[in-house]
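Summary of the model geometry
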Amino acid sequence: KAGVTQTPRYLIKTRGQQVTLSCSPISGHRSVSWYQQTPGQGLQFLFEYFSETQRNKGNFPGRFSGRQFSNSRSEMNVSTLELGDSALYLCASSLVTEDFYGYTFGSGTRLTVV
Amino acid sequence: AQSVTQPDIHITVSEGASLELRCNYSYGATPYLFWYVQSPGQGLQLLLKYFSGDTLVQGIKGFEAEFKRSQSSFNLRKPSVHWSDAAEYFCAVEENAGKSTFGDGTTLTVKP
């Protein structure tokens, strides 16, 4: 069974540009969460989508947005990139049932803003 | 707000020695607790989870963790560490749907 797939793996962007990251969850998983990981701030929650609806949002500026498609694939977008947006962006998917089995993470997208 | 504290930033153990990584959480209700492991440049892999019931949970790779409500702790243990266990370990608490709060992580170094 395929894992969580994030594309691209690496990305270099210039300050002021925008970027879109993609996450394909495990087949059957309808919940997708996004996290930003930096050495200084650790792992911080961005947002979570379930059945195309955002259920939770972290404390990030409006430049960070996301969406989920009917096939559960999710994208996150960052507009007007800043140097501080350089990070590893991780997505995680889960099977939402009465028995919660935890999250499966992708390998992440390493974004470098120059 | 929920919080997770991993008091040890870095731990070094000899191969074959036992390991205990500490985790304390702050959460009002019965928490969903997790331990993840991350190798450099990779995503997080779930080691084990606690939802309810037996307070000693078994995970993958020979790891186990014990939930102690009175101490608000969920410490990770392994009886004999292998060189391949060197990685960063994160404790997390599930706040609500799809949102987890993570500790700052503990980096494990294994000496030959």
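First, a word on what this report is: a plain description of the structure on this page. (Residues numbered from 1 in each chain as written. Chains lettered and ligands numbered in written order. Predicted model: local features only at pLDDT ≥ 70, side-chain atom pairs only at ≥ 80, totals over all residues. Heavy atoms only, no water.)

1. Structural notes on the sheet that holds strand S7 (residues 64-68) of chain A
All names here are of chain A. One open sheet holds the four strands; their spatial order is S1-S3-S8-S7, and the pairing between them is antiparallel. Edge positions in the open sheet fall to strand S1 (5-7) and S7, since each of these has one partner strand only. For this sheet, the mean inter-axis angle between neighbouring strands, taken without regard to orientation, is 15 degrees. (Pairing = 2+ DSSP bridges. Helix = DSSP H or I, 4+ residues; strand = E, 2+ residues; numbered from the N terminus. Axes fitted to C-alpha atoms, helices over the stretch in contact; angles between N-to-C directions.)

2. Looking at the packing of aromatic side chains
All chains considered together, the criterion is met by 17 aromatic pairs over all chains. For the ring pair Phe47 of chain A and Tyr49 of chain A, a centre distance of 5.7 Å and an interplane angle of 70 degrees mean the geometry is edge-to-face. For Tyr49 of chain A, a relative accessible area of 5% corresponds to the buried category. Plain terms: the ring middles of Phe34 of chain B and Phe51 of chain B are 6.0 Å apart, the flat faces sit at 75 degrees to each other, and that makes the pair edge-to-face. In this pair, Phe34 of chain B is assigned in strand S5 (residues 32-38) and Phe51 of chain B in the loop between strand S6 (44-50) and strand S7 (56-58), connecting sequence segments 17 residues apart. A residue is classified by how much of its surface remains accessible, and Phe34 of chain B, at 0% relative accessible area, is buried. (Phe/Tyr/Trp six-rings, centres within 6.5 Å; stacked < 30°, edge-to-face > 60°. Buried < 20%, exposed > 50% of the residue type's maximum accessible area, 1.4 Å probe, protein only.)

3. A word on the pattern of salt bridges
Applying the stated criterion across every chain, the model contains nine salt bridges over all chains. Here Arg22 of chain B makes a salt bridge to Asp8 of chain B, at a shortest N to O gap of 2.9 Å. Of the two residues, Arg22 of chain B is situated in the loop between strand S3 (19-21) and strand S4 (24-26) and Asp8 of chain B in the loop between strand S1 (3-5) and strand S2 (10-14); the sequence distance between them amounts to 14 residues. Here Asp8 of chain B falls in the buried class, since its relative accessible area comes to 18%. Through salt bridges with shared partners, a single network forms among Arg63, Glu82 and Asp85 of chain A. (Salt bridge = Lys/Arg side-chain N within 4 Å of Asp/Glu carboxyl O.)

4. Comments concerning the state of the cysteines
For the structure shown, the criterion picks out two disulfides over all chains. Each sulfur in the disulfide pair Cys23 of chain A and Cys91 of chain A lies 1.8 Å from the other. Its S-S torsion of approximately 65 degrees makes the covalent link between Cys23 of chain A and Cys91 of chain A right-handed. Residue Cys23 of chain A is found in strand S3 (residues 19-24), and its partner Cys91 of chain A is found in strand S9 (residues 87-94); the two are separated by 68 residues along the sequence. Residue class for Cys23 of chain A comes out buried when judged on its relative accessible area of 0%. The side chain of Cys23 of chain B participates in a disulfide bridge whose partner is Cys91 of chain B; the two sulfur atoms lie 2.0 Å from each other. Given an S-S torsion of about -65 degrees, the disulfide between Cys23 of chain B and Cys91 of chain B has left-handed geometry. With Cys23 of chain B in the loop between S3 and S4 and Cys91 of chain B in strand S10 (residues 87-96), this pair connects stretches of sequence that are 68 residues apart. Each member of the pair, Cys23 of chain B together with Cys91 of chain B, is buried. (Disulfide = S-S within 2.5 Å.)

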